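The chain contents come next:
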Amino acid sequence: NNVILNTASIDPLGFDISIDSVNGLVSGDQILTVQSGVLGEILFQGSIGSLVPLASLNLSGSLAFIEGPVVNIKGSQNYNIPVVIGKSTTFTTSGNIVFYSSLNALPEALSLNFNMEGGEIQFLGSVGNSFMHHLAVFNSSSFFSNKISAFSLGMSRHLKLDRLI
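The residue numbering used here restarts from 1 in each chain and proceeds along that chain's sequence as written. This being a predicted model, a pLDDT of at least 70 is required before a residue's local features are given, and a value of 80 or more before pairs of side-chain atoms are given or counted; all residues contribute to the totals for chains, interfaces and linings. The side-chain quantities take in all heavy atoms of the structure and omit both hydrogens and water.

Novice: Looking at this structure, how should I read the overall build of the chain?
Specialist: Under the scheme used here, helices are H or I runs from DSSP no shorter than 4 residues and strands are E runs no shorter than 2 residues, and both carry numbers assigned from the N terminus. Looking only at helices and strands, the chain features zero helices and 18 strands. On C-alpha atoms alone, the chain measures out to a radius of gyration of 15 Å, which is about the 15 Å that the 2.2 N^0.38 rule sets for 165 residues. Here the chain holds 165 residues, and the buried ones make up 44% of them. Here a residue-residue contact requires only that any non-hydrogen atoms of the pair lie within 4.5 Å. Counting contacts in the chain only where the partners sit at least 6 residues apart, residues at least 24 apart contribute 32% of the total. Entry remark: accessible area of the chain is about 7,400 Å², with carbon and sulfur atoms responsible for 55%. His is not counted here, nor are the chain ends, while Lys and Arg score as positive and Asp and Glu score as negative. In plain terms, the charge of a residue is placed at NZ if it is Lys, CZ if Arg, CG if Asp and CD if Glu. Here the chain contributes 6 positive and 10 negative side-chain charges, whose respective centroids are spaced 14 Å apart. Using C-alpha atoms as the atom set, the radius of gyration is obtained and then compared with a globule rule of 2.2 Å times the number of residues to the power 0.38. Using a 1.4 Å probe on the protein chains alone, a residue whose accessible area is under 20% of its type maximum counts as buried, one over 50% counts as exposed, and one in between counts as partly exposed. Only the protein chains shown count as covering a residue, and every accessible area follows the Shrake-Rupley method with a 1.4 Å probe.

Novice: Whenever I open this one, the packing of aromatic side chains confuses me. Can you help?
Specialist: Aromatic ring pairs are reported here in terms of the distance separating the ring centres and the angle at which the planes meet. Two rings from Phe, Tyr or Trp (for Trp, the six-membered ring) form a pair when their centres sit within 6.5 Å of each other. Planes less than 30 degrees apart are called stacked, planes more than 60 degrees apart edge-to-face, and all others tilted. Applying the stated rule across the entire model yields seven aromatic pairs. With a centroid separation of 6.2 Å and an interplanar angle of 85°, the aromatic rings of Y79 and F91 are classed as edge-to-face. Note that Y79 is positioned in strand β8 (residues 77–80) and F91 in strand β10 (residues 89–92), a separation of twelve residues in sequence. Taken individually, Y79 and F91 each receive the classification buried, so the pair is uniform in this respect. The interplanar angle of 5° and the centroid separation of 4.5 Å between the aromatic rings of Y79 and F99 together place this pair among those described as stacked.

Novice: Sorry, what's going on with a nonpolar patch on the surface here?
Specialist: What goes into a patch is any residue over 30% in relative accessible area without a salt bridge, connected to like charges within 9 Å or, for nonpolar side chains (Val, Leu, Ile, Met, Phe, Trp, Tyr), within 5 Å. Any carboxyl oxygen of Asp or Glu within 4 Å of a side-chain nitrogen of Lys or Arg constitutes a salt bridge here. A cluster of nonpolar side chains, L13, V38 and L39, forms an exposed patch at the surface whose accessible area comes to about 300 Å². With respect to the secondary-structure elements, V38 resides in the loop between β3 (31–35) and β4 (41–44).

Novice: How should the nonpolar core be read in this particular structure?
Specialist: In globular proteins that are soluble, nonpolar side chains generally tend to be buried together. Each nonpolar core is a collection of buried residues, namely Ala, Val, Leu, Ile, Met, Phe, Trp, Tyr and Cys, held together in the definition by side-chain atoms within 4.5 Å. F44, Y79, F91 and F114 are the most contacted members of the largest nonpolar core, which totals 36 residues. When neighbours within four sequence positions are excluded, F44 is seen to be in contact with I19, D20, V22, L32, V34, L57, L59, F65, I66, E67 and G68.

Right, here's the structure in full:
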């Protein structure tokens, strides 16, 4: 079954949501949607789909912190929220990933890898800050970004950048 966590339905301003690790029951069958409201933050303290991948992941709220080393989703990932990566993380999907807002890193996040398995990736907000060390995108059918700031950038397949800083 699909899971929706929505604190905005209780209070429009929302609440913070903290999740340790989360896995599906059957590979690629469950959708996780987390909506923390206008002021609510989302914290993933562990891996997402490291043992059993989810079908898709949808996040919205004021800010999401991802501190787990693995985000493994079979289908689409939609981040309708600014995202901060707390440690080195690998995103894996055969679907598409869209970051509608910024994607930044804390100093402990030395690398950020995207294993796309043929899916598309879009960064519609800025990517990187002074702590973004290494960003790599592999096997993406297409890649789009408005702005990337990283010490190193690794790519395979297609690349379309408006600005690389």
